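What follows is the residue order along each chain.
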Amino acid sequence: MNKNFITFCSFALALTIAACSDTKTAKETATVENASTEAAAQVEGTKTITLSNGASVTWIQDNTGNKLNPRSLFSDASDSLYNSLNMPDGIPASVSTFLVKVDGKYILFDAGLGAFGGQLMNRLAALGVNPDSIGLVYLTHFHVDHISGLVAKDDAGNDTKAFKNAAVYAGKVEYDAWMNDIPKNDLQKNIMALYKDSLHLFAFGDTLPHGVLAMDAVGHTPGHTAFQLANLLIVGDLMHGYALQKDHPEINSNYDMDKPKSAESRKRIMQYARDNKLLMAGMHLPPPGFAE
């Protein structure tokens, strides 16, 4: 009897020690995760939110300082309309990218300015995200401030992939237009050639990896694309002057290559966002890059 009692006590003690060990490990893990989340929240030029499907999305400001888009960019607007904003110095904006973590994987939406003053790599480092861990890059369009960040320099000064392990997804309409029809496209051709072995072309309406829907948002460029993931709608360059265009989607920026189509896309997609209660994320929305 005594022998059995001693055996039982030893077993119980072992279980207690194991439980304490597991509890300590769980607490340590939680502490590390909370510290990591807190550190991410403190990174300048970023903001992280959680989507309805549990994915996280981080706004990353790619430009330095404050950005104001000048009145001259919105020649469609009358003086009386623009003056009603009371923003004589320009409309607050940004150059932004968005990093999504879903199913344990990283997706980067657009790659920013790169060598033209981009802060993406600095922000990723501050967030503790290695560029090599980004598995997918989805491009809204091919303007310089959206694709230049795909390129880095190696030790010899040659162009190399900034995201070595990423598959790059681009709209076929956008790709074909820049490769064949749009002049002054050397930068676009060089970058697409750099990623030719990992480039995937999609059509509007396609569902891309991790359930991302590619949506027609043409007008700003021939194949300008919006992307939906859960309750997030990434609208690219749908708006360059949010304070003006949120109430007047008929107003274009002078960067829009096809103004009638751009205005139509802006009205349609903004209405879609309202109807479906989606959070918009825009590459030129004012900090912190989100709008309902």
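Here's a quick rundown of the structure. Since the model is a prediction, treat every value here as computed from it, not as a measurement.

**Focus: the pattern of salt bridges**
Argument step 1. All told, the structure shown has nine salt bridges when counted by the stated rule.
Argument step 2. Among the salt bridges present, the one from Asp216 reaches Arg268, with a minimum N-O distance of 3.9 Å. With a gap of 52 residues between them, Asp216 in strand β13 (residues 212-216) and Arg268 in helix α8 (residues 259-275) connect regions that are remote in the sequence.
Argument step 3. Note on Asp216: relative accessible area 29%, which makes it partly exposed.
Argument step 4. Taking the shortest distance from any N to any O, the salt bridge between Asp256 and Arg266 comes out at 3.9 Å. Remark: Arg266 occurs in helix α8 and Asp256 occurs in the loop between α7 (242-245) and α8; sequence separation between them is 10 residues.

**Comments concerning helix α3 (residues 120-127)**
Argument step 1. What α3 keeps buried is the set Leu120, Arg123, Leu124 and Leu127. Viewed along the axis of α3, the buried residues span an arc of 100°, placing them on a single side of the element. Seen from the open side of α3, the exposed residues pointing more than 90 degrees away from its buried face are Asn122 and Ala125.
Argument step 2. Looking one or two places after α3, you find Gly128, whose phi comes out positive at around 80°.

**Some remarks on the packing of aromatic side chains**
Argument step 1. What the rule picks out here adds up to six aromatic pairs.
Argument step 2. With a centroid separation of 5.4 Å and an interplanar angle of 75°, the aromatic rings of Phe109 and Tyr138 are classed as edge-to-face. Highlighted residues: Phe109 in strand β6 (residues 105-109) and Tyr138 in strand β7 (residues 134-138), separated in sequence by 29 residues. The residues Phe109 and Tyr138 share a single accessibility class, namely buried.
Argument step 3. Between Phe202 and Phe227, the aromatic rings sit 5.8 Å apart at their centres with planes inclined by 70°, giving edge-to-face as the arrangement. Placement of Phe202 in strand β11 (residues 199-202) and of Phe227 in strand β14 (residues 225-229) is noted, with a sequence separation of 25 residues between them.
Argument step 4. Judged by relative accessible area, which is 4%, Phe202 ranks as buried.
Argument step 5. For Phe227, a relative accessible area of 1% gives the class buried.
Argument step 6. The structure contains a cluster of three or more aromatic residues connected by ring pairs, namely Phe109, Tyr138, Tyr169, Phe202 and Phe227.

**Considerations on the nonpolar core**
Argument step 1. Among the nonpolar cores identified, the biggest contains 29 residues, and Ile134, Val137, Leu139, Leu150 and Phe163 are the most heavily contacted of them.
Argument step 2. Mapped by element, the contributors of at least two residues to this core are β6, α3, β7, β10 (167-171), α5 (172-180) and α6 (186-194).
Argument step 3. Filtering out sequence-adjacent residues up to four positions away, Ile134 remains in contact with Leu99, Tyr106, Leu108, Leu124, Val129, Phe163, Asn165 and Ala166.

**Remarks on unusual backbone geometry**
Argument step 1. With omega at 10°, the peptide bond leading from Pro287 into Pro288 counts as cis.
Argument step 2. Here Pro288 lies in the loop between β16 (279-282) and β17 (290-291).
Argument step 3. In this structure, Asp103 is a non-glycine residue whose phi angle is positive, near 55°.
Argument step 4. Among the secondary structure elements, Asp103 is positioned in the loop between β5 (96-102) and β6.

**Considering the sheet that holds β5**
Whenever strands of a sheet pair, they do so through backbone hydrogen bonds, lying parallel or antiparallel.
Argument step 1. Strand order in the open sheet made by the seven strands is β1-β2-β5-β6-β7-β10-β11, with mixed pairing throughout. The open sheet has two edge strands with one neighbour each: β1 (46-50) and β11. Ignoring which end each strand starts from, the neighbouring axes of this sheet average 20° apart.
Argument step 2. Of the strands in this sheet, β10 and β11 touch α5, which is tilted by about 80° from β10.

**Re empty space enclosed by the protein**
Argument step 1. Applying the stated rule across the entire model yields one cavity of 30 Å³ or more.
Argument step 2. Taken together, Gly171, Lys172, Val173, Glu174, Phe202, Ala203, Phe204 and Gly223 make up the full set of residues lining the largest cavity.
Argument step 3. Considering each element in turn, the lining of the largest cavity owes the most residues, three residues, to α5.

**Let's talk about α6**
Argument step 1. Restricting attention to buried positions, one finds in α6 the residues Gln188, Ile191 and Met192. The arc enclosing the buried residues of α6, seen along the axis, measures out at 100°, which places them on a common side. In α6, the exposed positions angled more than 90 degrees off the buried face are occupied by Asp186 and Asn190.
Argument step 2. Buried residues along α6 sit against α4 (144-147), β8 (151-153), α5 and β11.

Definitions and limits used
Residues numbered from 1 in each chain as written. Predicted model: local features only at pLDDT ≥ 70, side-chain atom pairs only at ≥ 80, totals over all residues. Heavy atoms only, no water. Salt bridge = Lys/Arg side-chain N within 4 Å of Asp/Glu carboxyl O. Helix = DSSP H or I, 4+ residues; strand = E, 2+ residues; numbered from the N terminus. Buried < 20%, exposed > 50% of the residue type's maximum accessible area, 1.4 Å probe, protein only. Arc of directions from axis to C-beta. Phe/Tyr/Trp six-rings, centres within 6.5 Å; stacked < 30°, edge-to-face > 60°. Core = buried A, V, L, I, M, F, W, Y, C linked by side-chain atoms within 4.5 Å. Contact = heavy atoms within 4.5 Å. Pairing = 2+ DSSP bridges. Axes fitted to C-alpha atoms, helices over the stretch in contact; angles between N-to-C directions. 1 Å grid on protein atoms, 1.4 Å probe; cavity = no way out; pocket = protein on both sides within 12 Å on 5 of 7 lines; lining within 4 Å. Points joined across faces, edges and corners; volume = space filled by probe spheres on them.

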